[in-house]
Structure formats: C-alpha cells, structure tokens
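The lines below spell out each chain.
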Amino acid sequence: MIERFNDRNVVTGIIQLGLILLIITIGGFAYRASGRPKDGTAPPEPVMAGAVAGAASGAMVALFVIVVTLLAEAGYVARDMFESVTPALLDILTFQQNPWVGSAIMIVMAAGVGGLAGYAHRLPAEGRKLTFLGLGTLLIVGLAAPIVDVMVKGLGLPSGWLFRREGLTVAGALLVLVVTVALRWYLDRQGGFRRAAAKLPGITDSNIKKVGLTAAAVVVLALPWLVNSFISEVLGTVGLYILLGLGLNIVVGYAGLLDLGYVAFYAVGAYVTAVTTSLVGYLVTDDPLRPAQNGWTSFWLALPITVVIAFLIGVLIGAPVLRLRGDYLAIVTLGFGEIIRTLVLSDWLKPYFGGPQGVTDVPAPPPASFEFRQPQRLYYLILAFALLALFVSSRLKDSRIGRAWAAMREDEDIAEGMGVSVIKYKTLAFAIGAAVGCLGGAFFAAKLSVANPGSFTLLVSINVLAVVVLGGMGSIPGVVVGSLVLVGLPELLREFGEYRLHIYGAILVLIMLYRPAGLIPDKRRARELAEAKELKETSGVAAS
Amino acid sequence: MSALLELRGVSKRFGGVQAVRAVDFHADLGEIVGVIGPNGAGKTTLFNIVTGFYTPDEGVMTFDGQNIAGFKPNALTRLGMARTFQSVRLFNAMSVLENCMVGQHTRTTAGVWGALTRNGHTKAEEETITRKAQDALAFFGDRLLPRQNDLASDLAYADRRRLEIARAMSTEAKLLLLDEPAAGMNPVEKEGLIRQIGRLRDERGFAIVLIEHDMPVIKSVSDRVVALDHGEKIAEGTYGEVASNRQVIEAYLGKAAAQGAGG
C-alpha cells in the first residue's frame, strides 16, 4: 500500500504520499503521547516525550525491516505470506540504504518527527491551529494537484511553476502554505469570513448573502469549462447522487424513515425512461428480435411519465410497508430493493426489461444535434434538475407538510396524537422521495444509454444513505457536500486502485468521529444529537 | 348539560392484567373532571383508550354524539379531543411556536402543491396558524410567547408542561385531557396552574378531564371527581364525597388505616 502511494507525488521530488502517511502515523502517536495526560498527572516535557514516542514508533518499523531481512537471509521470503512486502516497500522504508543504515535513519527521522509533534504542544493554540491547517491544506492541494492543475490551465494561467508530474513544485508548496496560513490569520484577526467580506468595497451586511450566492452560481456554471471532460463526467455522477440524496433525504432526513432499499426507485427511474425511449422499441413492436428503430416517446416526455410512475410505486410499496417502524421498516425496504432488482433480472419480465442484459439503445435527450451526452452538457442538464429538486426539498421543509414530518420523526405517537395522519404522511414522504430519486435513474439511463440490473445493487442504497447521513440528516447543503465528498472523492482516488476504498473507509470513519451530526448538520438534527448526549451525561435524571 | 364524552362498560386487558374493567365515565361541556387513584389504577390507560392510542376490548364510547370506537388518535384530534402526557413529550428539536403550529395540523389543508407554490391560500393559512399558535402561547402570559423561537428542549421544566397544554389548546379541541399537569411543579407554579385550568374552561370554553395525584389541585379545580382502583371505578362525586369514601381511603392507605380512621 505504501509502495503504491509512493508513486504519487505531493511535492514533486521532495515528498510522496507513502512517506507522508508514515509521518502522519508516527507524528500522530507522538502528539498524543506527549500531550497532557487525562488522569491529571503532571504533563511530560513535550519535545522529549514526543521524540521518545516517535523513536519508539520508528523502531517498530525498523524492527519489521530487520526481521524481514533476517528471514530472507535465512531463506524465508516474507512475501510468500504477506504479498505486500515487496522489495520496493523495503526500499522505501530503508531510504534505499542497506537495512541497518536504513533502520537507523528511520529511527532518527521518527524521533525528529515525534519531537516536532511534541513541540506542537508548546505552540500557542493559534499557532498550532495555523500549522495544522497549513499542512493539511498542503496535503489536500498536493493530492488534488492534477485537478487543480487542469483548472489553473483552464483559466488560461501558466501552471508549470506550480505543478509538476502530478504534484506541487517546491514553489507551489510554499505558495499554498503561505497563502493558507496568511488568509486564515487575516480572517481570524478580522473576526471571521463574514466580517472580513463585509469590509470589501460594495459589500454590505444586507447584500452579502446575494453576493455569495452569485459567486457560487458563477463557479458552478463555469466549472465544466475549467476542468477536463473526465472531471465533468465525475461532476455529472455527483449530480446524480445529489438527486438521489435529496430524494432519500426527504424519506430519512425529514420523515425519519430508514429506507435501505432506495435503489428501487433509482432502478424504476432508469427502467421506465429506458423502456419508453429505447430505440429497440419495447412498447412499439411485439417482437424484440426485430427492433423498431424508434422509441415509443422522447426523453422529455418520458421524464414526467417516469416521475408519475415512481410516485405511484412509492405509494404502492409505501402503504403496506410503512406500518412498520424503525429496524423492521429498514429490513422490509431492504427486501423491496432486492425485489425490484430481481424482477427486472427475471426471465418472466425479460421481454420487457431485457433480463440480465437490460434495456439497451436508450437515446440521449433530443434534439440529437445538441449532443446532450457530452459530459459538459449533461452536467448542465443534471444541474438544472438538481436545482429543481433543491427547490422542492426546501419548500416542502418549511411547510405544513415539513412540520408534520418533523413532528413524526421526533415522536410518532405524539404526532399522531396532535392530529397528523402518520400513515398518510409517511406514504407521502416515501412517494415524493421516490419521485425525486427516479430523476437520478432517468438521467443515468440517458447518460449510459442502457439500464441494466447490475447498476442497481444494494451498494447504491448504502452509498446514497451514506451521503445523507454524512452530509447531515435533513440538511440540503449537507446532501450536496456529502455527494461531493463521498461520490466525487472516490472517483478522483481511482489512481490508487484497490486501496482507494481504504481511504474512502478512513474518511467515513473520521467524519463520523469528528462530525457525528454530519458535515453540514441541519439545525434541528444537531440539536437532537446534542440533547441525546446531555441525556446520557445526566444519566437518568432527565429520563425519569 | 349534555355529555361531550361518554364511556359505557369500557374494558381493557393486557395479557393477564385487567387494566380497565367495565368503566362508565362521562365528561360534559363546561365541566372539569378530576380522575384520581393510586399508581397502577388504570388512569393513564383510560386516557390512552379515550384518545385512541389503545383500542378497548369491550364497551361503547361516544364523543359529541358520535361513536368513536376504533378511531385513530389523529381522527379524534380532528373531532376535538387533545391531550398532554404524563412524561412531558414535546417535539424537542422544534421551536416553541412550531410545536403549537403542529397542533393546528387538522384545522388546515395546505398540501404539496401549496407548499411548492406558496400561493395565496397557503400564505394566508400559514399566517392564521402562526397567529393562533401565538394566541395559545399568550395564554400563559410571558412564560412562553417571548420564547416562541427557542427550541422546546431549552425551556424550563414547568414551561415545558405549559407548552404541552398550549400545544393541546392549538388543536382547537373541545375537550382537553391533561395527564398529571402539576407533576414536578413547585407550590407557586401549582397555584398558577390551578388558576389557568379554571381559565381554560371559563375563558376558552374547554371541557377538561385531568389525572392528578396532587389532591389540593384536584380539590381546587374539579367540578366532579372520579376515583379508580385496580381498573375499576370505585367512587364518583364531588371532591368531598369522594375523599371521604371508605373504598377510596382503603385504596390509598390500606384497609387497616381506613378502619383506624373510623371510615
């Protein structure tokens, strides 16, 4: 893994991702080890403690290298059992020296890193924050270097002095570090971003929101022209997940119904659109062996039909299932997700849904001359519908219906006691969620020109749920950011092959540890979590 | 006075436990009825049956002349019944005002289309809801209204009890069922509550049924008192009559004590 990561420059020629991971691990241990002990005993001398902890961590690595070397000399090849222990890995861990010299260097380096990590405790809180922020930003920009590079070029600026071979140049690294630290320092002095922005000419307290929105709109609209078509493609996928996320957010976030089979509506959207528009002509000819060469209708007509059908299926599935609560509901929805997938896969419905092969020859949205399938153009199309879904979500949230959902989520019994027809509003949430999410499926089919069962697995349900939960349940901006992080990031990490899921997993864990209410928590939701915590802390007193 | 709520021979059994046995009960317009009884006497079960949370095994229930057997809680709210809960159960992550706005749910009609377009009807309705919710909050003077935008969970305990009542008032009910509204209140707060319950009837025209352990509260507000024990109605009448009833004293203090007191 380290070997693979080391192919990736962060600051070209100076430091690679593999080494950075090693340093972060050692530094992290040392930082924790040299901090103030929780039991209230006297704090250690941080630099010394850090250096000792660092050296100890380094010694572990060195020990590993030496054991592997000695085993190899004795005729046992560690790689037979641990296939990642390659000569290249050993080269990295020994800094291309012989094992003994390399181990010594490793221990010394680790002690140095540990000492520095310990020294961080000595810094004033602000300095420590700025240091970590600067280094963190440097790492992110370094990792995202290929994308940032493309964007800088897209703006027509020279980028050669900033980026070289998928990494930052030394000059670029220094620039990032200095700019980040200086900006944060300046903003802190000014009392936050908002205050600082209000000092700019032409910006007042009243129009600051408008200016911000306009700036965001410009960025969103300009994005496809700044990046290459691969990244536009990724952005399109992110857009699909925003649609799905907004739909599921209504079900899970607003109404509090745990739906593990949301992929069903994604599939419904894709299949209805595919069947009605496919050039194979499923609804035009009776004989699938002789394609009709024209679809039953065009994408634009298929879209409203898809929405209506998804809504109806939402009602149909929802009405019986939603009498269940909590865990039971989750399990049954899980089942329905699989039922839909199995149905389209079945021989029974093969004449209509094409079995395992799926529905093929789905045309792009007309007019054909506009070539909607180009990633940039598809991006705008998806963007338009994502905005529509955004509008629908936010309007519903601040309405009588949104209040009924919120009440139901908080306490189903009491909501019913206050006059909310629980079954009706659950079904409504389910159906509207289905109608929004099916749009994602419709675009998916139009984008790939095919709807096949392999695309609608349980994993999609889980991913969408992760987007909603990590973004912040019930939070609309949370869904957007969640999609960017959880869908965009793994696509950009593709170069790390099988290890990208490790990184993805680590990110999930970190987000949930440090932001349990989500990246951008909904105000209500954040409050619920805080309350649960208080309850736990005052254990029993408030519960009685 | 005509009976607003009437129960005849209502029973409810949970497994081997007869929680409520053949209870006759009624509450009239403009009346405050106190329900007392030792813990486990079946008072809250009776409330849950009346408000549709439980379905009775036997018996007839009518509200406002209509047979309400098998009605769901939300349907009963629409008919004009609203309740509070023994353990305060507010929508904690919603604002004080929103809690009351939810109470208006059955009196309003805005649907998906209204929510999306925010048309004139919806806007007018939202304004009405807000006004009525604020009116309910204003009933408690400056306790709730100034805090209308705070989260319900941020309120002090007694205010949360008051908000439960305000939320029930917002449903525009004819009958309020209050489950131990004075629980956990200090003597000053109880004094206030007694006045407020009286005003609920006199100014707002609610009929009220309340469960309460606090005898001074029951004594002060009730027009009529019903005593339950082991799921059965053991006494009914004015506070004085019920308080001196031998069976009631036995239920609270045990047989020996009742004999010692000389009946």
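From a predicted model like this one, the values you see are computed outputs, not experimental measurements.

**Some words on the environment of Gly247(A)**
All names here are of chain A. Along the chain, the position of Gly 247 falls in helix α11 (residues 229–254). Classification of Gly 247 by C-beta neighbours within 10 Å gives buried; the count is 32. Residues Gly 247 and Glu 491 lie 244 residues apart in sequence; the distance between their C-alpha atoms is 22 Å. Leave out the neighbours within four places in its chain, and Gly 247 touches Phe 265, Gly 433, Ala 434, Val 436 and Gly 437.

**Focus on the domain arrangement of chain B**
All names here are of chain B. Structurally, chain B comprises domain 1 (1–80 + 175–196 + 207–263) and domain 2 (95–172). Computed from C-alpha atoms alone, the centre-to-centre distance between domain 1 and domain 2 is 28 Å. Contact with domain 1, which involves nine residues of that partner, is made by seven residues of domain 2. Elements with a minimum of two residues in the side of domain 1 that touches domain 2: α2 (73–79) and β7 (175–179). Per-element accounting of the side of domain 1 that touches domain 2 gives the leading share, three residues, to α2.

**As for the domain arrangement of chain A**
Here chain A is described as being made up of domain 1 (2–122) and domain 2 (228–457). Domain 1 of chain A and domain 2 of chain A are separated by 49 Å when their C-alpha centres are compared.

**Looking at the pairing of β7(B)**
Residues and elements named next belong to chain B. Here β7 lies mainly inside the structure; five of its five residues are buried. Examined bridge by bridge, strand β6 (residues 81–83) and β7 share three bridges and lie parallel to one another. Directly across from Met 81, in β7, lies its bridge partner Leu 175. You can see the chain leave β7, run along helix α7 (residues 187–202) and come back into strand β8 (residues 207–211), and the turn it takes is right-handed.

**Let's talk about the confidence of the model for chain B**
For chain B, the mean per-residue pLDDT works out to 91, and 97% of the residues sit at or above 70. Interface predicted TM-score (ipTM) for the complex: 0.91; the corresponding pTM is 0.84.

**A short note on the sheet that holds strand β2 (residues 17–28) of chain B**
Residues and elements named next belong to chain B. An order of β2-β1-β4-β5 is seen for the four strands of this open sheet, with the pairing classed as antiparallel. Each edge of the open sheet carries a strand with a single partner, namely β2 and β5 (66–67). Along the sheet, helix α1 (residues 43–50) contacts β1 (3–14), β2 and β4 (58–63); its crossing angle with β2, the most-contacted strand, is approximately 65°.

**Quick word on the pairing of strand β10 (residues 232–237) of chain B**
Looking at chain direction, strand β9 (residues 224–229) of chain B and β10(B) are connected through five bridges and run antiparallel. By the bridge assignment, Ala227(B) is partnered in β10(B) with Ala235(B).

**Structural notes on the interface of chain A and chain B**
Across the boundary between the two partners, chain A contributes 24 residues, which contact 28 residues of chain B. Elements that contribute at least two residues to the side of chain A that touches chain B include exactly α16 (375–397), α17 (400–410), α18 (412–417) and α23 (523–537) of chain A. Per element, the largest residue contribution to the side of chain A that touches chain B is seven residues, and it comes from α17(A).

**A short note on the nonpolar core**
One finds Val268(A), Tyr271(A), Ala429(A) and Leu175(B) to be the most contacted residues of the largest nonpolar core, which totals 174 residues. At 17 residues, the largest contribution of residues to this core is made by helix α19 (residues 422–448) of chain A. In this structure, Ala429(A) is in contact with Ile250(A), Val251(A), Tyr254(A), Ala255(A), Leu257(A) and Trp405(A), ignoring residues within four places of it in sequence. In this structure, Ala30(A), Ala51(A), Val85(A) and Met106(A) belong to the second largest nonpolar core, which totals 23 residues.

**Comments concerning the packing of helix α12 (residues 263–277) of chain A against α19(A)**
Residues and elements named next belong to chain A. In contact at an axis separation of 6 Å, α12 and α19 are set at 50° when each is read in the N-to-C sense. In this view, α12 runs oblique relative to α19, as classed from their interaxial angle. Between α12 and α19 lies a crossing of right-handed hand. Counted together, Phe 265, Tyr 266, Ala 267, Val 268, Gly 269, Ala 270, Thr 273 and Ala 274 of α12 and Ala 434, Gly 437, Cys 438, Leu 439, Gly 440, Gly 441, Ala 442, Phe 444, Ala 445 and Ala 446 of α19 form the full contact between these two elements. For the contact of α12 with α19, the class distribution of residues is 13 nonpolar, five polar and no charged.

Parameters and conventions
- Residues numbered from 1 in each chain as written.
- Chains lettered and ligands numbered in written order.
- Predicted model: local features only at pLDDT ≥ 70, side-chain atom pairs only at ≥ 80, totals over all residues.
- Helix = DSSP H or I, 4+ residues; strand = E, 2+ residues; numbered from the N terminus.
- Buried ≥ 20, exposed ≤ 12 C-beta atoms within 10 Å, placed from the backbone.
- Contact = placed C-beta atoms within 7 Å.
- Domains from an automatic or database assignment.
- Pairing = 2+ DSSP bridges.
- Right-handed = clockwise from strand over helix to strand, strands pointing away.
- pLDDT = per-residue confidence, 0-100.
- Axes fitted to C-alpha atoms, helices over the stretch in contact; angles between N-to-C directions.
- Core = buried A, V, L, I, M, F, W, Y, C linked by C-beta atoms within 7 Å.
- Parallel < 35°, antiparallel > 145°, perpendicular 65-115°, else oblique.
- Left-handed = near helix turned anticlockwise from the far one by under 90°.
- Nonpolar A, V, L, I, M, F, W, Y, C, P; charged D, E, K, R; others polar.

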